[in-house]
Number of protein chains: 2
Amino acid sequence: MSVGKSISRVDAYEKVTGRAMYTADLERPGTLVARVIRSTIANGVVKRFHLEKALAVPGVVKILTCFDGPEFLFPTAGHPWSTDKSHQDVADRRLLNTRVRVWGDDIGAVIAENEVAAQQALRLIEVEYEEYPPLVTVEQAMAPDATQLHPDFPGNILKQTEFRIGEPSYTQAAEEEGLARISKTYGVQTVQHCHIETAVSIAWMEKGRIVIVSSTQIPHIVRRVIGQATGLSWGKIRVIKPYIGGGFGNKQEVLYEPLNAWLTTQVGGRPVRLELSREEVMACTRVRHAMDITIGMAARPDGTFVARRFEGYSNQGGYASHGHSIIANAANGFRNLYTQEKVVEAQATTVYTNLTSGGAMRGYGIPQLSFAMESAVDDLALQLGMDPLELRLKNAMPEGYVDPGTGITCHVSGLRDCMQRGAEHIGWAKKRAAYQNQTGPLRKGVGMAIFSYKTGVHPISLETASCRMILNQDGTMQLQMGATEIGQGADTVFTQMAAQELELSPEDIHIVSQQDTDVTPFDTGAYASRQTYVSGMALQKTARSLKRRILDYASGLLEKPADTLRLEQGNIRDVQGNDLMALDVLATEAFYSLERPLHITAEESIHCTDNTYAFGACFAEVEVDIPVGKVKVLDIINVHDSGVLINPQLAQAQVHGGMSMGLGYALGEQLLYNDKAVPLNNNLLDYKLPTALDTPELYVDFVETVDPTGPYGNKALGEPPAIPVAPAVRNAVLHATGVAVGSLPLNSQKLVEAFEQAGLLKKAGGENV
Amino acid sequence: MSVGKSISRVDAYEKVTGRAMYTADLERPGTLVARVIRSTIANGVVKRFHLEKALAVPGVVKILTCFDGPEFLFPTAGHPWSTDKSHQDVADRRLLNTRVRVWGDDIGAVIAENEVAAQQALRLIEVEYEEYPPLVTVEQAMAPDATQLHPDFPGNILKQTEFRIGEPSYTQAAEEEGLARISKTYGVQTVQHCHIETAVSIAWMEKGRIVIVSSTQIPHIVRRVIGQATGLSWGKIRVIKPYIGGGFGNKQEVLYEPLNAWLTTQVGGRPVRLELSREEVMACTRVRHAMDITIGMAARPDGTFVARRFEGYSNQGGYASHGHSIIANAANGFRNLYTQEKVVEAQATTVYTNLTSGGAMRGYGIPQLSFAMESAVDDLALQLGMDPLELRLKNAMPEGYVDPGTGITCHVSGLRDCMQRGAEHIGWAKKRAAYQNQTGPLRKGVGMAIFSYKTGVHPISLETASCRMILNQDGTMQLQMGATEIGQGADTVFTQMAAQELELSPEDIHIVSQQDTDVTPFDTGAYASRQTYVSGMALQKTARSLKRRILDYASGLLEKPADTLRLEQGNIRDVQGNDLMALDVLATEAFYSLERPLHITAEESIHCTDNTYAFGACFAEVEVDIPVGKVKVLDIINVHDSGVLINPQLAQAQVHGGMSMGLGYALGEQLLYNDKAVPLNNNLLDYKLPTALDTPELYVDFVETVDPTGPYGNKALGEPPAIPVAPAVRNAVLHATGVAVGSLPLNSQKLVEAFEQAGLLKKAGGENV
């Protein structure tokens, strides 16, 4: 059994020794450097460039502006394409934009022989604009007199959707007598992914086609979007994805590959490197959407939820990107954790502004939802005088639940066990009691939050994947996945799955780590925590197909019917389990037989038409320093039900990373803008990403269920760890202080203000209570 | 119709602009440089190294010697492997040899940070040897007191084979009364391939495996031989073949890849470049075997051949390489041009010496055979007083001939037409008459030679190939061949074949130019003029399989039976020829359908169990300057029957290259050795490779037959052009001067001696006749 073992990552040695080759390592001789000319306003129109001085800089090869670029509008979201127009992403930008909608918008590009010349040229370019008032907030953007940012979107509303499950309505259901009710708005801030490797690509032309090496989660989608953005036929584009230094969703977007692809065509196909600085990545790629979500809840005194309502506004920023899908996912997710009420309804609105565009980021709307909903549950528990754990146990999704909108079924759930185990770890009952009635400046509290998360995108969008396997002469296998390793360990778990299916040792599975759209089987890529589930299905199908071919070949050699043969532990065996022939002997024979040479390979694609819920809980214990508004996390645990774990140690590492991200979301990270929509802290010095020293010991536990739909009983694990941490910490602060903070992050400034407002602190100059 | 059109090479732009990336262009950061420590004797044993001074050179990383290297004996010939021991190549060398058998033998390696350090270290290394008398000639090597070079080969005889077809024997048949008879020994010299790109590879380790980029014709075979030489399991080796700068058979040998693969393991997997200088390539890789071939022929006065005999000795040099296969191919080929006689017999002997090892070189023994046999035919014609053209027309292989040894059948032959066309071009009849009875120092003559050549290696060895195709979203195709482009235009003709089979434009076929054994379908590689024939069969099978899948998918979309649908000109059509759906629409639907997504690919392997004869003739007109022994080629034409030409312009270019090689073989090239077996002119200054200025206008014509066994009616073309030129020139000199020169090259020294001997010139100091 290879599945379930904590084997070392297949790329561990390469990564630890620095040998793994990333995009920038694959630069070709004679590569030019491109830099983007960025708008210095957030809202307006480019009128004119003054390029003379820049063009005179030695080493400058070419300067292209928004007046040169192709006119095609294209979408950037890394979704599977659809031939149905209504399923297509919004195409609202050109490679270079004359109509500027964010600070740092792409209005031109300098191509130079080297970085210094490019930078020098950038500084010498002057741009004239017609400027409009920047729209920073959703309110500003929806105001009647606001500039319209995109022609097809009046009122700057990208999209608004709503649903109601149950009758008659939240309002009417909530009117039932004797119900506890809350209605409160929770706000989440703009944060950035902060992947280690910035956005980088190298593009050149070969045989009349574009070749582009890029740090991307979605090479096959990059191919399609370059085609759409440049007007090139998709087959003329080749995308290579080497090792990548993280993405977290920001590389599930096709941001600068199309521009770079076009740039190389403008310099005769010479290689061009387009690498963004950290500052550019933070200001000009994608962020997690800031949202304001008003949660309404009504419950009976015994805690039974009667009605729930979600009303959310998502600050999209300047371009559609993943757009409305993200708050729509939050709204849909609102249905899928508590499922007992009579009525649940939601309204979600996505509004264009002039901030950095929001896109996919680990959790895809669910971290935002989770903060709002799980804060609201604790706020309601307080009102009901109930234990928040008990309230959750009472209302959480039961096994057998079927989502009325999507049909996704909860076949098996470890959610209640996750809650119990987390509660045990944190000492829930004892500490909930012990931390009552604290006084003094330091107060402790415990809090929790739970979540559910889907596995892949079915049925909202297409789920398909493919895989190819090749039998080597020594009986080992090449494994070629369309799915991508992006640091999460995909290559390792695929290796284990293939070893499992073929009854070989993982050392005998040689996975191809690089995707190259010219030869790699099609897969939409790494997002939506889909790969071990969806791509795993393709792997399983391919392995079975390969095994059949091996046994068919064995049947010919051994003159026995194929259905009496098995491939077990590197041997062909009969039904009695006798070894008839070693696999390596068969393989060598298949390659070199003078009677019947056959190159045994298999390639299969699957259509995944299922989905399943992963679950989990976070429990945190905090100490709040009231006068300075500082939260210290004393203990924290995430307990996950992600089905069967393919590699427990990798799973644990995945959870560690997610928890760290969740702590940053909870306590410090926030991308700030001034009233001109100019980012203020788009760098790693001023943007408070938690470091190792900021991070407490992170505890992780798993409740392993066996999902009947997953290829190996597995469910989503990639994104979930980031979801429940922030509300758990917020609820612990509530427990410690009685103060129900309504927005993230819980930084000192906000907490001090909240404590003052709650009377725990006197206003400036006052004394502690 | 794409087959038969002279489209531009698919790699033309890359190669002309210098953009095509060759092995050395793919060097990785931090690559170390390796140089081979070469023996300074040709025959002996290494006793001791003195490395102290070399190790002290700054930048020297490691020095490894034959006392360190793995003990495995391995074969270097690029043949398909066989699980049958009797079919395996001779394994007679280690990576580094203690027992030295050629001058420049591989006895160690220096690994350094840079070229300068490596070279400096090489100069400082002292080696002590036990030295034995060098064996330069076959006679020396076969002498009773000669040192035995390899333990398993007494008398230094690598192998001797013989056959007789017909009864009772050559000697008896030739005794028939009234026959003209000749028995004469013809000698051919050692020449070298002189491919533009020298032998070069870059090796490193990744994920516990060896990765090696190499300039090779046979990446999949390199993988196997590295495994055999290093003891690594074959699946642990990955070979990448980028564009290569020629091979001509020298890169159908696995020479330095195994050493480099081992070297990287000795420096912790750091990348190592091992690039040979031109001097090393010429002295220490492979050469075309020097042979002495005695041809016996007996014919009736009307020219009918009655009996023929071949007795050949091949100077193998120090290591087996392709070994006896080459003279064996010559001996077998002796049966396959003239086929009317009662008895044909052959004896072939391959003898180890201390010269540079002989290996595969364009023609694989047939250029040597052709010189001997075609010279003999003209010598016999002279004796019979017959026109050599008429003699050949009378005796040449007829259609329907079946080789009694191999079963290879002559289904269709353009040989006689080739002769007629060549004769017309050169003005044969007129000039044969006109150039009788010349006097004076300048004399003209016309000569000819013909040949037949097999297509691939069946049934001597395994013939198998495979191919993979992928349908892109825009209805274009990825074409992934195991077969290799080595400069001959393979990628272009495969593109045309795929376009033909799928009824697409060649622009819609995107061939993958790089082979990578991790993902490339298996194929034994570029040799034996096999690829358009054997690999073409795999392509055809794959294209048909892909087409079936496309039509099956179309059947589902269109709700019509698949067998009523056709793929024609980028459209799905019904039997009436109505367009039902464009292929690109189908392709996009297949990728993104929410109902039935399917990634349409196909991969097939074939077992080729057939072979066929290609034919051709060369006609040359020369002017001989008798006093200075100089031959000027006034006119020359090759006329080929290679079946249907896939790309006539490329075919012509292929013939041009072969004719140039043939002229070098005829007139000037010769690798010389002193009596210590030390090469004397292993560099391009002293080795007289013809340049463009030395080359006359080269005329080419084709007789296009349609071969019933070839995938598109095609037959061998790669090697044949090099075969008939030398004997045609030699026979023209015979016609001009009456002097029947018995060996190549026809350089001034040899000709002057021959003319003196024939009385055309007085000996040194004498006067012209």
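Residues numbered from 1 in each chain as written. Chains lettered and ligands numbered in written order. Predicted model: local features only at pLDDT ≥ 70, side-chain atom pairs only at ≥ 80, totals over all residues. Heavy atoms only, no water.

### Digging into the overall build of chain A
We count it as follows: In DSSP terms, a helix is any run of H or I states spanning at least four residues, a strand is any run of E spanning at least two, and both are numbered starting from the N terminus. It is over C-alpha atoms that the radius of gyration is taken, and the globule rule equals 2.2 Å times the number of residues to the power 0.38. When accessible area is computed with a 1.4 Å probe and restricted to protein chains, residues below 20% of their type maximum are described as buried, those above 50% as exposed, and intermediate ones as partly exposed. By definition in these notes, contact holds between two residues if any of their heavy atoms fall within 4.5 Å. The Shrake-Rupley method, run with a 1.4 Å probe, gives the accessible areas here. Residue values count only the displayed protein chains as cover. Asp and Glu count as negative and Lys and Arg as positive, but His and the ends of the chain are not part of the count. Charge coordinates come from a single atom per side chain, which is NZ of Lys, CZ of Arg, CG of Asp or CD of Glu.
Scanning chain A from terminus to terminus reveals 19 helices and 27 strands. For 769 residues, the compact-globule estimate of 2.2 N^0.38 gives 27 Å, and chain A sits close to it at 27 Å. Oriented by its inertia axes, the alpha-carbon framework of chain A measures out at about 90 × 75 × 50 Å. Out of the 769 residues in chain A, the part that is buried amounts to 66%. Summarising the internal contacts of chain A: among those between residues at least 6 apart in sequence, 80% fall at separations of at least 24. For chain A, the exposed surface amounts to about 25600 Å²; the carbon and sulfur share of it is 51%. Of the side chains in chain A, 70 bear a positive and 87 a negative charge, and the two mean positions are spaced by 2 Å.

### Re the relation of the copies chain B and chain A
We apply this condition: Residues below a pLDDT of 70 in either copy are left out; the C-alpha atoms of the rest, at least 70 in both, set the least-squares superposition of the copies.
In the superposition of chain B on chain A (RMSD 0.0 Å, axial shift 0.0 Å), the rotation amounts to 180 degrees. A rotation of that kind, with that shift, is consistent with a two-fold axis.

### What about the environment of glycine 710 of chain B?
Residues and elements named next belong to chain B. Assignment of secondary structure puts glycine 710 in the loop between strand 27 (699-702) and helix 18 (725-737). Among the residues examined, glycine 710 registers a relative accessible area of 10% and is labelled buried. Along the sequence, glycine 710 and serine 169 sit 541 residues apart, while their C-alpha atoms lie 36 Å from each other.

### Overview of the environment of glutamine 88 of chain B
All names here are of chain B. Summarising the element assignment, glutamine 88 is placed in the loop between strand 3 (60-65) and strand 4 (99-100). Between the C-alpha atoms of glutamine 88 and glutamine 266, which are 178 residues apart in sequence, the distance is 29 Å. Not counting residues up to four positions away in its chain, the partners in contact with glutamine 88 are Trp81, Ser82 and Thr83.

### So, the sheet that holds strand 8 (residues 180-188) of chain B
Residues and elements named next belong to chain B. To be explicit about the condition: In short, DSSP must find at least two bridges between two strands for them to pair. Each axis is a line fitted through C-alpha atoms, taken for helices only over the stretch in contact, and angles between the N-to-C directions span 0 to 180 degrees.
In space, the five strands of this open sheet follow the order 7-15-14-13-8, with mixed pairing throughout. Among the strands making up the open sheet, the edge pair consists of strand 7 (157-165) and strand 8. Taken pair by pair, the neighbouring strands of this sheet meet at an average axis angle of 5 degrees, ignoring direction. In this structure, strand 7 lies alongside strand 15 (residues 343-352), joined through eight bridges in antiparallel fashion. Along strand 15, the bridge assignment pairs arginine 164 with glutamate 345. Sheet strands touched by helix 9 (residues 324-333): strand 7, strand 13 (290-299), strand 14 (305-317) and strand 15. Its angle to strand 15, the strand with the most contacts, is close to 165 degrees.

### A closer look at the sheet that holds strand 13 (residues 290-299) of chain A
Pairing between sheet strands relies on hydrogen bonds along the backbone, with the strands arranged either parallel or antiparallel. Residues and elements named next belong to chain A. Strand order across the open sheet formed by five strands is 7-15-14-13-8, with mixed pairing between neighbours. Both outer strands of the open sheet, strand 7 (157-165) and strand 8 (180-188), are each paired with one neighbouring strand and no more. On average, each strand axis in the sheet is tilted by 5 degrees relative to the strand beside it, whichever way the strands run.

### A word on unusual backbone geometry
The peptide bond linking glutamate 167 of chain A to proline 168 of chain A adopts the cis configuration, its omega dihedral lying at -10 degrees. Position of proline 168 of chain A relative to the elements: it lies in the loop between strand 7 and helix 5 (170-174). The omega torsion of the bond from leucine 744 of chain A to proline 745 of chain A falls at -5 degrees, within 30 degrees of zero and hence cis. With respect to the helices and strands, proline 745 of chain A occurs in the loop between helix 18 (725-737) and helix 19 (748-757). Positive phi, normally seen in glycine, also occurs at asparagine 156 of chain B, with a value near 60 degrees. If you trace the backbone, asparagine 156 of chain B turns up in the loop between helix 4 (138-142) and strand 7. Despite not being glycine, glutamine 569 of chain B has its phi angle at roughly 50 degrees, a positive value. Relative to the elements of secondary structure, glutamine 569 of chain B occurs in the loop between strand 21 (565-568) and strand 22 (571-574). When its relative accessible area of 56% is taken as the criterion, glutamine 569 of chain B is described as exposed.

### Concerning the domain arrangement of chain A
As a measure of interface size, the accessible area lost when the parts come together is often cited. All names here are of chain A. Selection rule: Domain limits in this description derive from either an automatic procedure or a database domain assignment. When a carboxyl oxygen of Asp or Glu is within 4 Å of a side-chain nitrogen of Lys or Arg, the pair counts as a salt bridge. Here a polar contact is recorded for every N or O atom pair within 3.5 Å, except that within protein the pair must consist of a potential hydrogen donor and a potential acceptor, and residues adjacent in sequence are included only if both atoms are side-chain atoms.
Splitting chain A by domain gives domain 1 (27-132 + 199-275), domain 2 (290-458 + 610-757) and domain 3 (465-606). Taking only C-alpha atoms, the centre of domain 2 and the centre of domain 3 are 40 Å apart. The interface formed by domain 2 and domain 3 includes zero salt bridges. Where domain 2 touches domain 3, the interface holds nine residue pairs in polar contact (both at pLDDT 80 or more).

### Details of the pattern of salt bridges
Tallied over the entire structure, the rule returns 87 salt bridges over all chains. In this structure, the salt-bridge partner of glutamate 603 of chain B is arginine 468 of chain A, at a minimum N-O distance of 2.9 Å. Within this pair, whereas glutamate 603 of chain B is found in strand 24 (residues 601-607), its partner arginine 468 of chain A is found in strand 17 (residues 464-471), the two belonging to separate chains. The burial state of glutamate 603 of chain B is the same as that of arginine 468 of chain A; both residues are buried. In this structure, glutamate 568 of chain B and arginine 573 of chain B form a salt bridge, with 3.1 Å as the shortest nitrogen-oxygen distance. The residues glutamate 568 of chain B and arginine 573 of chain B share a single accessibility class, namely buried.

### Points about the confidence of the model for chain A
The condition that has to hold: Note: pLDDT gives the predictor's confidence per residue, expressed from 0 to 100.
Mean pLDDT over chain A stands at 97; residues scoring 70 or higher make up 99%. For this predicted complex, the interface confidence comes out at an ipTM of 0.96, alongside a pTM of 0.97.

### Examining a positive patch on the surface
Which entries qualify depends on this criterion: Patch membership needs two things, relative accessible area over 30% and no salt bridge, and members are linked within 9 Å if like-charged or within 5 Å if nonpolar (Val, Leu, Ile, Met, Phe, Trp, Tyr).
Taken together, the side chains of Arg548 and Arg549 of chain A together with Arg548 and Arg549 of chain B define a basic patch exposed on the protein surface. If you list the elements that add at least two residues to the positive patch, you get helix 15 (531-558) of chain A together with helix 15 (531-558) of chain B. Residue placement: arginine 548 of chain A occurs in helix 15.

### Some points on the side chain of histidine 195 of chain A
Residues and elements named next belong to chain A. With respect to the helices and strands, histidine 195 occurs in the loop between strand 8 and strand 9 (200-206). Residue histidine 195 is classed as buried on the basis of its relative accessible area of 1%. In this structure the side chain of histidine 195 is engaged in a polar contact, spanning 2.8 Å, whose partner is the backbone oxygen of glutamate 197. Not counting chain neighbours up to four residues away, the residues in contact with histidine 195 comprise Gly245, Gly246, Gly247, Phe248, Asn250, Lys251, Arg278 and Val281.

### Points about the interface of chain B and chain A
To be explicit about the condition: Once two parts are put together, the accessible area they lose, assessed with a 1.4 Å probe and summed over both, is termed the buried area. Residue type decides the class: Asp, Glu, Lys and Arg count as charged, Ala, Val, Leu, Ile, Met, Phe, Trp, Tyr, Cys and Pro as nonpolar, and the leftover types, Gly among them, as polar.
Counting residues at the interface gives 63 residues for chain B, matched by 63 residues for chain A. Note on chain B versus chain A: buried area summed over both sides is about 5200 Å², and carbon and sulfur give 53% of it. It is Lys207, Tyr592 and His599 of chain B in chain B that bury the most area against chain A; as a group they hold 14% of the surface buried on that side. Taken together, the links from chain B to chain A amount to two salt bridges. In this structure, the connection of chain B to chain A is made through 40 residue pairs in polar contact (both at pLDDT 80 or more). Elements with a contribution of two residues or more to the side of chain B that touches chain A: helix 1 (12-17), strand 9 (200-206), helix 6 (219-230), strand 17 (464-471), strand 18 (477-481), strand 19 (509-511), helix 16 (583-592) and strand 24 of chain B. Of the residues that constitute the side of chain B that touches chain A, the class distribution is 21 nonpolar, 24 polar and 18 charged.

### Quick look at the environment of aspartate 694 of chain A
Position of aspartate 694 of chain A relative to the elements: it lies in the loop between helix 17 (648-667) and strand 27 (699-702). Separated by 34 residues in sequence, aspartate 694 of chain A and serine 660 of chain A have C-alpha atoms that sit 9.3 Å apart.

### Some remarks on helix 18 of chain B
Rule in force here: Multiply 1.5 Å by the residue count of a helix minus one, and that product is the helix's expected span.
Taking 1.5 Å per residue as the helical rise, helix 18 of chain B with its 13 residues ought to reach 18 Å, and the 18 Å between its terminal C-alpha atoms agrees with that figure. Looking one or two places after helix 18 of chain B, you find glycine 738 of chain B, whose phi comes out positive at around 80 degrees.

### Observations concerning the pairing of strand 10 (residues 209-214) of chain B
Residue and element names in this part refer to chain B. Taken across its six residues, strand 10 has six buried, putting it largely inside the fold. Alternating residues of strand 10 divide into Arg209, Val211 and Val213 and Ile210, Ile212 and Ser214, and every residue in both groups is buried. The pairing of strand 9 with strand 10 spans six bridges and is classified as antiparallel. Following the sheet pairing, isoleucine 202 is matched in strand 10 by valine 213. Hairpin remark: strand 9 followed by strand 10, antiparallel, with two residues in the connecting loop; positive phi at lysine 207, about 50 degrees. Sheet topology note: the strand 10/strand 11 (residues 237-241) ladder contains four bridges and is parallel. In the sheet register, valine 213 faces strand 11, and the bridge partner there is isoleucine 240.

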